[in-house]
Amino acid sequence: MSHAAAHSPHDTTHGHPPTSTGLDNKKIAIWAFIGSECMLFASLISTYLIYKGRSVVGPYPHDACLPPQCSTPLKAILNIPVTSASTFVLLMSSLAMVLALAAVETKDQPKHTTGERILGNSKLWLWMTALLGITFLGFQAFEFTSFVHEGLTIRTNLFGSSFFTLTGFHGAHVTVGVLWLLTLLAIDYRRGLGPKDALNVDLAALYWHFVDVVWIAIFTLVYLIK
Amino acid sequence: MATMAAPTALRPHTDAYGGESGIWAWLTTVDHKRIGTLYLFTSLFFFIVGGLEAGLIRLQLAGPNKHVLSAEAYNQMFTMHGTTMIFLAIMPLSAAFFNYLIPLQIGARDVAFPRLNAFSYWVYLFGAMFMNFSWFIGAAPNGGWFGYAPLTTMQFSPGLNIDFWVIGLQILGVSSLAAAFNFITTIVNMRAPGMNLMRMGMFTWNAFVVQFLLVLAFPVITIALVFLQFDRFFGTNFYTIAAGADPLLWQHLFWVFGHPEVYILILPAFGLVSEIIPAFSRKPIFGYPVMVYATMLIAFLGFGVWAHHMFAVGMGPIGDTVFGVTTLLIAIPTGVKIFNWIFTMWGGSIRFTTAMKFAVGLVGLFTIGGISGVMHASPPADLQQTDTYFIVAHFHYVLFGGSMMGIFGGIYFYYPKMTGRLLSEKLGNWHFWLTFIGMNVTFFPMHFSGLLGMPRRIYTYEAGQGWETFNKLSTYGTGVLIIGTLFFVYNFFRSFSNGAIAGNDPWGGGTLEWSIPSPPPEFNFARIPRITSRYPMWDMKTPALTAEVPHTANGDKRLDIDVAGKHTAEGHPVPIGNEPKQPAESGMHVEHATGESAKDLGIPMPNPTIKPLICAAGLITMFSGLLFIHEDKLPLALTIMMGGALIMVVSLYGWLLTPLEDAH
Amino acid sequence: MPVPTRLRRPLAAALPALIAVALTACNNAQYPNSVFHDHTEFNRQVGHLFDILLWLGGFVFIFVETLLLYTIWKYRRKSENDRPKHVHGNTTLEILWTAIPAVILAIIAVPTVQTIFKTQAVASADALQVEVWGHQWWWEFRYPQYTTTEASGKIDTLTTANELYLPVGRKVNFKLQTIDVLHSFWIPQMGGKRDLITNHVNYLWFTPDSVGEGAWNGFCAEFCGTSHANMHFKVFTVTPPNFDAWTKHQLTMAAFGAVAPAVAAASAVDTSKRGAQTPQSQPGPSQVVQTTPTTGSPNAAAPGTVAAASIGGQPMSATPVVQQAGYVAFPHDKLPRHVIPQTPLPAGLAYNESLKGDPQRGLDFMTKQMGGGCIGCHAIAGNPMMKALVGPNLTHVASRTTIAGGIYPNDTKHLTLWIKNARRMKPGVIMPTLGAGEYDPVTKTNIPKTGLNDQQIADIVAYLQALK
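Predicted model only: the values in this text are computed from it and were never measured.

**Focus: the overall build of chain C**
Okay, step 1: Along chain C, the regular secondary structure elements total 9 helices and 15 strands.
Okay, step 2: For chain C, the proportion of its 468 residues judged to be buried stands at 50%.
Okay, step 3: Within chain C, counting contacts between residues at least 6 apart in sequence, those at least 24 apart form 66% of the total.

So this is what it looks like as structure tokens:
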């Protein structure tokens, strides 16, 4: 995904006419892809909301079920403080992603101060983004395991099925994003990412921000709204 | 006619694709024309498979209590007939035209992502093979193309049948989505200079809208299928009755996809007809902007009408009213299209080639499907129609009378562009009339069997219910359709080597694809054309007739018309080469096949590569591993899935890290 | 190019003609399931809407096709040198053919919305309530307003299978549910269909008013698996007194070999009248035929019933119930042809006509020896061994006209073969193949010699046939 950028459509010496919009093809395609992903997550989130409160057995996301309604007391299973932390981590990763892109774009500019050198270190910010992503996944793994210990699996009830599928799909998207970032890092270590690679980093960034925004929606609709 | 100015145009050059031929060249091709050709052959094959399935269905229903098929075989047959015709025949037939025509119509040398394009095709092919493989182990899908839960859950369908369907559709979804991203990018970004959106061919416009429908509709069914798959393989509860699941979840998700899908199936045919009718009427399309807006409006409204498939589920009066009224609304832009086609012909000079007959056939027959569509847009009336043969009649008028008539027209129209040879008009005439008559004899009586109380999807019926005559007629009609299709198949293969030489422009078309040789060279356009109007070829050939067309939308002047590097000469109308058996008017305004390769001309072309095929194979392997979970062979299943995933990822990295073209 | 025109014109003319033929044919007995019969207010409303749609649709059809044919004939290419003027559009025309269809659609929309709200209003409280349960692949009908209490104190609700009795002129409200997959309840001659959806309750109501005593077909209209095509039911519209008599009879305990002596005195008269085949019935005084205390009472509905019934041109006197006491079921000899199943028997099922069964032996075999495993699935009121709810309730199975989801007539031969090998007679059915040596197409094995022999089957059949 990096070498292909060597043939920018703007480069008419290779005989390619300029693109109609002036944007790179890949930029258009990723937006189309993100549009499609919106429908994917919209379907998942709608399902979660439709099935909210319709589980015939617990555990339930929010409402504690205490005797006499329930023979054994069930506490609300969602851990909002922990998930708020993981949400913060993911938001920070988006910031790191912005800095990584900026670092790649300004690779060729001279760096004078330590601050400029730090800000211009694409490897640092790519690592940061990837690690924050991995941390988020760690939070998710912790959340999933603790739910399983509390008796909620993907098979338990409608809440379990729709919750694990929704957040699992999101987690899978984060995983793909992390792999993408690690691939960019590998290229950075091999030959260094520069302004000519900005487009490819930009694509990863768009995807990463999208996944981040989806999480904001999930966090609000699943965790915060009761 | 044999004394052509450019002798190379006499023979359709089989080496049009850069000289490479043979199996390997086809397996590694990234050329949109070759991929379009592959799509065309594969989808026609599956069209015939689906047709044979329909033939067996009709034999079984020819009379009461027949035993051509068992109940189980019949259920598999109608499920696969629907699935095949929709996903393996009509959609990929449209994809064949998208592939072949979009770059030619917008003046591009290929699609935006040639290798992704190849990947789409291979995924489609493997997905189609995967789904049909189920026949050979006697477990073809049997839950209907709509796959309503909970019938399709493990509790009621424990066999592999539904697994093949669920996995197969997901695979095909990958193919459609990848293709849609590709075509959106191609149309947005690769138009020739001057080809602004409102100068694009009507086919490209319809194709453009369809890609958006695909991009927005397919994720929804993917999720519906993922839920079903998780239920079946991992024991989740999305459709589990005991867990309190709501079967309407499946129906809503399915039809949020399913109704846009109807427009995914019909709009490409509308696009083809919108090219054919102007060409053979010698008139531009009537009300081009309105046609464009109508297409967009149909697509937009298409996302707001899904629950009209569910009027019998008890949504309540408010829901029924909302979806009934939005459905009625959609008839307006559709009606506009019909009238605009008629008025394109009005005042024209209509030549009845086979392609034109099919196009007129679409206008006439789709109207019937549209009218019956309005009848079940009215929810109380629909309660008597839904799930009866009346509906079967309706959507076959839309999908056969609409989509297939349009696609057949498109094949007769564009076959010469693809092969350099014309299909036989004589055989085509037989094909058209047998299809037209056969289609009406098959499907019109179904209106009656439906209103006389015959439910859909029944493998048998009793004597004395008043349905015998109509069913017998339908079966006879199917026989006529099959004979008609045989004419087509014979014509298709015979003309490949025996058809009359077409030349660049056998029909006197107005759009860009007619300016280049048939079949086009691998690079399509030796020089990227400059466009100043919707019908550049007509500007060039009959400037007097197009003089009134404003050509200054982008500040460009009429004299800027530039097709294939040649400017038009104002005031020298050139006759349109309209005789089908004659090669195109060999004036100096069109490109000739010179036999020069892209290399000779210094045009960068993407390198052939096998990686998309391997990547697609990995994807299929990964998915098919799932089947072994139900065979209680979990380690085997995991091995296959991991193996497939590994193949996919490795080939994907290989693909993405290899440049598309050689460095220059 | 006149060729297409020549052929297409008569065709275009033929299509509306065909519609007209179908419409006039709608009262013909040749088409017993036509949706154009107006036997209920529901169908009259839908029919009115349908008429509007057909007329407007027919008008649009003729207009568009005529315009199309005229255009392709008028503007056919006459000379290769034709160079028509390039017209790019006409705003007035385009507005016109946007506006006119919009007006037509509005004409459709108004009655549509009115009819939606009319047909989906909540049924009035005095309606006859019928619970419809969909099963793969048969129908269970329960009448919750008609119950009886067994000697044990257990309350039985009137329950029948695949046969629906409706009193003429009384509104009936169906409560539609399914125990397995989706089904759709449809009586073409009575009203629109409504789906039976798992974990949902749906309602549909209509009044069979403009109809006399008659029999109609009902179907499952939603694909529900292997034998979807074999999921029929029969509807009998009967006079209110006959309906009352029918409910009374259906609420009695099994007519033969009922263990619990619990039959109402009133019913006892009925039972004894049914003649020699019920020697074992033990009428007792304790049974009470109950109806729900409110408006659901058949008697309470009777006055309205009579008025409504006369709409159909068949005035019925409010005959006192007692005079109809002999009524057990819709008379089998008056069944119209279209409700008599015509399904042929699969080849290779042997039936020995000369074997005579003994009902008592059949009863003992089924209940004491648990022969055939019948008790695992079926219920027979009054027989304490028969309480299962998987299959159809058999309390009055002999009073029904069909078996197997309405696809075979209820006679000795079909009943015998059904017990012998149901799975060959109805693909995928849950009812097992029972006859010794028979091939079971579901398990793909032969039933061992320990299966039922022909005499045992004949005994069971004799017992079932005693359950009038």
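**Some points on the interface of chain A and chain B**
Okay, step 1: In this complex, chain A contributes 35 residues to the contact, which on the side of chain B involves 37 residues.
Okay, step 2: Here the side of chain A that touches chain B takes 13 residues from helix α1 (residues 25–51) of chain A, the largest share from any one element.
Okay, step 3: Looking at side-chain class alone, the side of chain A that touches chain B contains 16 nonpolar, 17 polar and 2 charged residues.

**Re the confidence of the model for chain C**
It should be kept in mind that the predicted coordinates are not to be read in detail where pLDDT is low.
All names here are of chain C.
Okay, step 1: Per-residue confidence for chain C gives a mean pLDDT of 79, with 79% of residues at or over 70.
Okay, step 2: Here helix α6 (residues 298–309) stands out as the element of chain C with the lowest mean pLDDT, 34, in contrast to strand β6 (residues 183–187), whose mean of 95 is the highest.
Okay, step 3: For the stretch residues 260–324, pLDDT sits under 50, and the model shows 119 contacts to residues farther than four places along the chain or on other chains.
Okay, step 4: Two summary scores accompany this predicted model of the complex, namely pTM at 0.88 and ipTM at 0.89.

**So, the sheet that holds strand β7 (residues 191–196) of chain C**
Residue and element names in this part refer to chain C.
Okay, step 1: In spatial order, the strands read β4-β10-β9-β6-β7; together these 5 strands make up an open sheet with mixed pairing. With partners counted over all chains shown, the strands left at the sheet margins are β4 (163–167) and β7, one partner each. If you compare each strand with its neighbour and ignore which way they point, the axes differ by 25 degrees on average.
Okay, step 2: Relative to strand β9 (residues 214–220), β6 runs antiparallel, the two sharing 2 bridges. Along β9, the bridge assignment pairs phenylalanine 185 with cysteine 220.
Okay, step 3: Of the strands in this sheet, β4 and β10 (232–238) are in contact with helix α4 (residues 240–251), which crosses β4 at around 135 degrees.

**Things to note about helix α17 (residues 611–625) of chain B**
For an α-helix the count is 3.6 residues per turn, leaving residues at separations of three or four pointing the same way.
Okay, step 1: Between the first and last C-alpha of α17 of chain B there are 21 Å, a value that for 15 residues agrees with the 21 Å anticipated at 1.5 Å per step.
Okay, step 2: With 13 of 15 residues buried, α17 of chain B is to be regarded as a mostly interior element.

**Focus: the confidence of the model for chain B**
Residue and element names in this part refer to chain B.
Okay, step 1: On average, chain B scores 87 in pLDDT, and the residues at 70 or more come to 89%.
Okay, step 2: Low confidence marks residues 1–18, where pLDDT is under 50. Its contacts with residues over four positions away, or in another chain, come to 41 contacts.
Okay, step 3: Overall, residues 567–589 carries pLDDT values under 50, and its contacts beyond four positions in sequence, including any with other chains, amount to 58 contacts.

**A few points about the pairing of strand β2 (residues 138–149) of chain C**
Residue and element names in this part refer to chain C.
Okay, step 1: Judged from the 5 bridges that link them, strand β1 (residues 128–135) and β2 form a sheet pairing that is antiparallel. Paired with valine 132 across the two strands is phenylalanine 141, which belongs to β2.
Okay, step 2: Hairpin connection, β1 to β2: the antiparallel pair is bridged by 2 residues.
Okay, step 3: Where β2 and strand β3 (residues 155–161) come together, 7 bridges link them in antiparallel fashion. Paired with tyrosine 143 across the bridge in β3 is leucine 158.

**Observations regarding the environment of glycine 428 of chain C**
Okay, step 1: Note on placement: glycine 428 of chain C falls in the loop between α8 (412–425) and β14 (439–440).
Okay, step 2: For glycine 428 of chain C and histidine 228 of chain C, which are 200 residues apart along the polypeptide, the C-alpha to C-alpha distance reads 10.0 Å.
Okay, step 3: If we ignore the near neighbours within four places in the chain, the residues touching glycine 428 of chain C are Ala71 of chain B together with Gly225, Thr226, Ser227 and Val442 of chain C.

**Quick look at the interface of chain C and chain B**
Okay, step 1: Each side of the interface is counted separately: chain C has 86 residues, and chain B has 89 residues.
Okay, step 2: Counted by class, the side of chain C that touches chain B contains 44 nonpolar, 28 polar and 14 charged residues.

**Some remarks on the pairing of strand β5 (residues 172–178) of chain C**
Residues and elements named next belong to chain C.
Okay, step 1: Burial along β5 is one-sided: Val172, Phe174, Leu176 and Thr178 are buried, while Asn173, Lys175 and Gln177, pointing the other way, are not.
Okay, step 2: Note that β1 and β5 share 7 bridges and pair parallel. Bridge pairing links valine 130 to phenylalanine 174 in β5.
Okay, step 3: As judged from the 5 bridges shared by β5 and strand β8 (residues 202–206), these two strands associate in the antiparallel manner. Residue pairing in the sheet places valine 172 in a bridge with phenylalanine 206 of β8.

**A few points about the packing of α1 of chain A against helix α6 (residues 202–234) of chain B**
Okay, step 1: With their axes 8 Å apart at the nearest point, α1 of chain A and α6 of chain B run at an angle of 35 degrees to one another. Between α1 of chain A and α6 of chain B lies a crossing whose hand is right-handed. The residues of α6 of chain B that touch α1 of chain A, namely those facing Ala32, Gly35, Ser36, Met39, Leu40, Ser43 and Leu44 of chain A, are Val215, Leu216, Pro219, Val220, Thr222 and Ile223 of chain B.
Okay, step 2: Residues of the contact of α1 of chain A with α6 of chain B, tallied by class, amount to 9 nonpolar, 4 polar and no charged.

**A look at the nonpolar core**
Okay, step 1: Among the nonpolar cores identified, the biggest contains 391 residues, and Ala100 of chain A together with Leu213, Ala224, Leu253, Ile276 and Ala359 of chain B are the most heavily contacted of them.
Okay, step 2: Contact partners of alanine 224 of chain B, with chain neighbours within four places excluded, come to Trp250, Leu253 and Phe254 of chain B.
Okay, step 3: Listed in part, the 6 residues of the second largest apolar core include Trp514, Tyr535, Met537 and Met540 of chain B.

**Here's the deal with unusual backbone geometry**
Excluding glycine, residues mostly have negative phi values, and the peptide bonds linking residues are mostly trans.
All names here are of chain B.
Okay, step 1: At the junction of serine 518 and proline 519, the peptide bond is cis and its omega measures out at -10 degrees in the coordinates.
Okay, step 2: Here proline 519 is to be found in the loop between α14 (468–498) and α15 (536–541).
Okay, step 3: Here arginine 282, not a glycine, exhibits a phi torsion of approximately 55 degrees, which is positive.
Okay, step 4: Along the chain, arginine 282 turns up in the loop between α7 (247–281) and α8 (288–302).

**Comments concerning the packing of helix α13 (residues 425–451) of chain B against α14 of chain B**
Residues and elements named next belong to chain B.
Okay, step 1: At a closest axis distance of 7 Å, the pairing of α13 and α14 adopts a crossing angle of 160 degrees. In terms of their interaxial angle, α13 and α14 are classed as roughly antiparallel. The two elements α13 and α14 cross, and the hand of that crossing is left-handed.
Okay, step 2: The residue makeup of the contact of α13 with α14, split by class, is 18 nonpolar, 12 polar and no charged.

Basis of the calculations
Residues numbered from 1 in each chain as written. Chains lettered and ligands numbered in written order. Predicted model: local features only at pLDDT ≥ 70, side-chain atom pairs only at ≥ 80, totals over all residues. Helix = DSSP H or I, 4+ residues; strand = E, 2+ residues; numbered from the N terminus. Buried ≥ 20, exposed ≤ 12 C-beta atoms within 10 Å, placed from the backbone. Contact = placed C-beta atoms within 7 Å. Nonpolar A, V, L, I, M, F, W, Y, C, P; charged D, E, K, R; others polar. pLDDT = per-residue confidence, 0-100. Pairing = 2+ DSSP bridges. Axes fitted to C-alpha atoms, helices over the stretch in contact; angles between N-to-C directions. Expected span 1.5 Å × (residues − 1). Left-handed = near helix turned anticlockwise from the far one by under 90°. Core = buried A, V, L, I, M, F, W, Y, C linked by C-beta atoms within 7 Å. Parallel < 35°, antiparallel > 145°, perpendicular 65-115°, else oblique.

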